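In case you want the letters, here they are:
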Amino acid sequence: RGTVAFEDVCFSYVPERPILKGVSFSVPAGKTVAIVGPSGAGKSTISRLLFRFYEPSGGRILIDGQDIAEVTQDSLRAAIGMVPQDTVLFNDIIGYNIRYGRWNATDEEVAEAARLAQIDRFILSLPEGYDTPVGERGLKLSGGEKQRVAIARTILKGPPILVLDEATSALDSFTEREIQDALDRVSRGRTTLVIAHRLSTVVGADEIIVLDRGVIAERGTHVELLAQR
Ligand code: ADP
Ligand code: ADP
């Protein structure tokens, strides 16, 4: 469960300007595939199509063999979890911010997700800007810590497919390493599509696809791609 396939997918936002020109790849259940390439190559467009924000102008996108054009938005949202670049924290303790992923989760499940994302020590704190009536100050989380809240939220939601879109691009390299570790733990055994700028952040992917101006320029493991250069 959780196989993703793009079959000869074509797409343009405006008619005269094709963005994806026949893109085919698949992510086997439980595996990690990374899409890398320069800015403007069409990487984020791939994740937007997977979420059906837009329809492909050619080809098909399948989840577990079913064309997503025939799947409801609700079941698509249940199947795919997204770790966004920027996370908005709500006026509630971090534990509830995590629970936002699935409201009926138990306290134990929230704690386990927080532990996996390594933010369990903040679980009872309010985020910065939200102070308690008794004068306690909200806690200032770093960009990396906020992103780990988003990771915990996604773990709790428990989708079979995970999409990480430039999940570490806005962070300094130390924080990036930490987040990468958390993501590695979370993506283990889950079908994962990673969208990244740099090859160095996706070393562990089962397959890396290099996208350039809407076509797949190269594909292979990290070792194979380095050998070709
Ligand atoms: P990447 O994620 O690889 O940086 P994107 O998929 O975001 O690339 O964008 C690919 C191309 O599509 C870019 O040239 C971008 O300017 C263009 N583009 C992105 N979104 C839109 C849009 N909504 N309308 C028109 N063009 C867009
Ligand atoms: P980012 O790369 O920061 O995630 P986006 O993927 O949203 O940003 O956009 C990538 C590129 O697509 C940017 O150059 C942006 O200007 C362009 N773009 C995004 N949305 C539109 C749009 N609706 N129309 C035209 N260009 C767009």
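- Within an unreviewed UniProt entry, the label attached to the chain reads ABC transporter ATP-binding protein/permease, and the organism entered is Chelatococcus albus.

As for the pairing of strand β10 (residues 215-220)
Move 1: Bridging between strand β9 (residues 207-212) and β10 involves five bridges; their strand directions are antiparallel. Its bridge partner lying in β10, Ile208 is registered against Gly220.
Move 2: Connecting β9 to the next strand, β10, in antiparallel fashion are two residues, including Arg213 with a positive phi near 45°.

Description of the sheet that holds strand β4 (residues 58-63)
Move 1: One open sheet accounts for four strands, arranged β2-β1-β4-β5; its pairing is antiparallel. Sheet topology places β2 (17-27) and β5 (66-67) at the edges, where each strand pairs with a single neighbour.
Move 2: Across two bridges, β4 lies against β5 in antiparallel orientation. Bridge pairing links Leu62 to Asp67 in β5.
Move 3: Sheet contacts for helix α1 (residues 43-50): β1 (4-14), β2 and β4; angle to β1, the most-contacted strand, approximately 110°.

Quick look at the site of ligand 1
Move 1: Inspection of the region around ligand 1 gives 13 residues, with Arg17, Gly40, Lys43, Ser44 and Thr45 positioned closest.
Move 2: Here Arg17 contributes a side-chain N or O atom positioned 2.8 Å from an oxygen atom of ligand 1.
Move 3: A distance of 2.5 Å separates an oxygen atom of ligand 1 from a polar side-chain atom of Thr45.
Move 4: For the shell around ligand 1, the element with the highest residue contribution is α1, accounting for four residues.
Move 5: In terms of residue class, the shell around ligand 1 is built from five nonpolar, five polar and three charged.

What about the environment of Leu226?
Move 1: Here Leu226 is to be found in helix α7 (residues 222-227).
Move 2: Measuring from C-alpha to C-alpha, the distance between Leu226 and Leu199 comes to 9.6 Å, with 27 residues separating the pair along the chain.

Notes on the site of ligand 2
Move 1: Taken together, Ser44, Arg48 and Gln85 form the complete shell of residues around ligand 2.
Move 2: At 2.5 Å from an oxygen atom of ligand 2 is found a side-chain nitrogen or oxygen belonging to Arg48.
Move 3: Relative to its free-state accessible area of 550 Å², ligand 2 is covered by the protein chains to the extent of 18%.

Digging into helix α5 (residues 143-157)
Residues three or four positions apart in an α-helix share a direction because the helix packs 3.6 residues into each turn.
Move 1: Between its terminal C-alpha atoms α5 stretches 21 Å, which fits the 21 Å expected from 15 residues at 1.5 Å a residue.
Move 2: In terms of burial, α5 is a largely internal element, twelve of the 15 residues being buried.
Move 3: Packed against the buried residues of α5 are β6 (80-83), α3 (94-99), α4 (107-116), β7 (161-165) and α6 (173-187).
Move 4: Of the residues trailing α5, Gly158 is marked for its positive phi of about 70°.

Notes on the packing of α4 against α5
Move 1: Running from N to C, α4 and α5 cross one another at 135°; their axes reach a closest spacing of 8 Å. Relative to α5, α4 is oriented oblique. The way α4 lies across α5 gives a crossing that is right-handed. Counted together, Glu109, Val110, Ala113, Ala114 and Leu116 of α4 and Ala152, Ile155 and Leu156 of α5 form the full contact between these two elements.
Move 2: Taken together, the residues of the contact of α4 with α5 sort by class into seven nonpolar, no polar and one charged.

Cut-offs and rules
- Residues numbered from 1 in each chain as written.
- Chains lettered and ligands numbered in written order.
- Predicted model: local features only at pLDDT ≥ 70, side-chain atom pairs only at ≥ 80, totals over all residues.
- Heavy atoms only, no water.
- Pairing = 2+ DSSP bridges.
- Helix = DSSP H or I, 4+ residues; strand = E, 2+ residues; numbered from the N terminus.
- Contact = heavy atoms within 4.5 Å.
- Axes fitted to C-alpha atoms, helices over the stretch in contact; angles between N-to-C directions.
- Near = heavy atom within 4 Å.
- Polar contact = N/O pair within 3.5 Å; in protein donor to acceptor, adjacent residues only side chain to side chain.
- Nonpolar A, V, L, I, M, F, W, Y, C, P; charged D, E, K, R; others polar.
- Areas by Shrake-Rupley, 256 points an atom, 1.4 Å probe, with all protein chains shown as cover.
- Expected span 1.5 Å × (residues − 1).
- Buried < 20%, exposed > 50% of the residue type's maximum accessible area, 1.4 Å probe, protein only.
- Parallel < 35°, antiparallel > 145°, perpendicular 65-115°, else oblique.
- Left-handed = near helix turned anticlockwise from the far one by under 90°.

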